Amino acid sequence: ASIGSRQPPADVETARDMVFGEHYGTANDFYVKNSFNQVSLTGKVVGPYNLEIKTPCYASDVQTAAIKSADKDVYFPDYTRIILDVPGTCDTYAGRGTYGKIKVITADGEVRASVSWDYVFNLPIVGHELGHNFGMEHANSLDCLYCNSFEYGDNFDIMGAYGNSRHLNAPH
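In this convention, every chain numbers its residues from 1, walking through the sequence in written order. At least 70 in pLDDT is required for a residue's local features to be given in this predicted model, at least 80 for side-chain atom pairs to be given and counted, and no such filter applies to totals for whole chains, interfaces and linings, which use all residues. The side-chain values count all of the structure's non-hydrogen atoms but skip hydrogen atoms and water molecules.

Caption draft 1: Seen up close, the environment of Glu-110. Mapped onto the fold, Glu-110 is located in strand β6 (residues 109-118). Accessible area is worked out with a 1.4 Å probe on protein chains only. A residue is then buried under 20% of its type maximum, exposed over 50%, and partly exposed in between. On the basis of relative accessible area, Glu-110 is assigned to the exposed category, the value being 51%. With 106 residues separating them along the chain, Glu-110 and Gly-4 place their C-alpha atoms 27 Å apart. Whether two residues are in contact is decided by their heavy atoms, any of which lying within 4.5 Å being enough. Among all residues touching Glu-110, those that are not within four sequence positions of it are Lys-103, Val-104 and Ile-105. Put simply, DSSP H or I for four residues or longer makes a helix, DSSP E for two residues or longer makes a strand, and each gets a number counted from the N terminus.

What follows is the structure, encoded as structure tokens:
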């Protein structure tokens, strides 16, 4: 969805391929391989929509406007994951995702779904935010000399360092 004159990071076809594609470099391929064929992604890509938002700095306002725009095209009780392909506004992150499912208000009633806001639409971001949606936390590293834990410090896990799409470590 665009916000004012700001365009989404991916067009509909690119978003569909990034999330549901079966080739290397897609979120679906990543989770199929990491789960040993126990998890795959299916769904529908709708839009594009132009979101009229007075306060685009709040992810909840972006979510509300996106749900309202898509309500005519989506029966939300059929879905448990919502991925928003939206341009970054005031957020300094490349994306954000709910930790598991939350209550989402739609014209079809209240549903429980995980939501991710992807301001950059590539595997490291979409895959990372989906990880939060599946209930995963960040992959940290430990400095054994001073016993400090560093959030995002694991460079070998998609839930760790920014920009990597390496496989999930055992705790995930």
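Caption draft 2: Quick peek at the nonpolar core. Core analysis: the largest hydrophobic core is formed by 22 residues, its most contacted members being Leu-51 and Ile-82. Going through the elements one at a time, α3 (59-70), β3 (81-85) and β6 are the ones with two or more residues in this core. The biggest single contributor to this core is α3, with six residues. Setting aside residues up to four positions removed in sequence, Ile-82 forms contacts with Ile-67, Phe-76, Val-104, Ala-113, Ser-114, Val-115 and Ser-116. Within the second largest apolar cluster, 17 residues are counted, among which are Ala-10, Phe-30, Leu-123 and Ile-158. Only buried residues count toward a nonpolar core, which is a set of Ala, Val, Leu, Ile, Met, Phe, Trp, Tyr and Cys residues joined through side-chain atoms within 4.5 Å.

Caption draft 3: Spatial organisation of the pairing of β6. The buried fraction of β6 amounts to seven of the ten residues, a majority that puts the element mostly inside the structure. Of the pairings in the sheet, the one linking β3 to β6 comprises five bridges and is parallel in character. The residue of β6 that forms the bridge with Leu-84 is Trp-117. When DSSP locates at least two bridges between a pair of strands, those strands are taken to pair. Across three bridges, strand β4 (residues 95-97) lies against β6 in antiparallel orientation. Bridge pairing links Arg-96 to Trp-117 in β6. The pairing of strand β5 (residues 102-106) with β6 spans five bridges and is classified as antiparallel. Following the sheet pairing, Lys-103 is matched in β6 by Arg-112. In textbook terms, the turn of a hairpin is the stretch between consecutive antiparallel strands, and for β5 and β6 this stretch comprises two residues.

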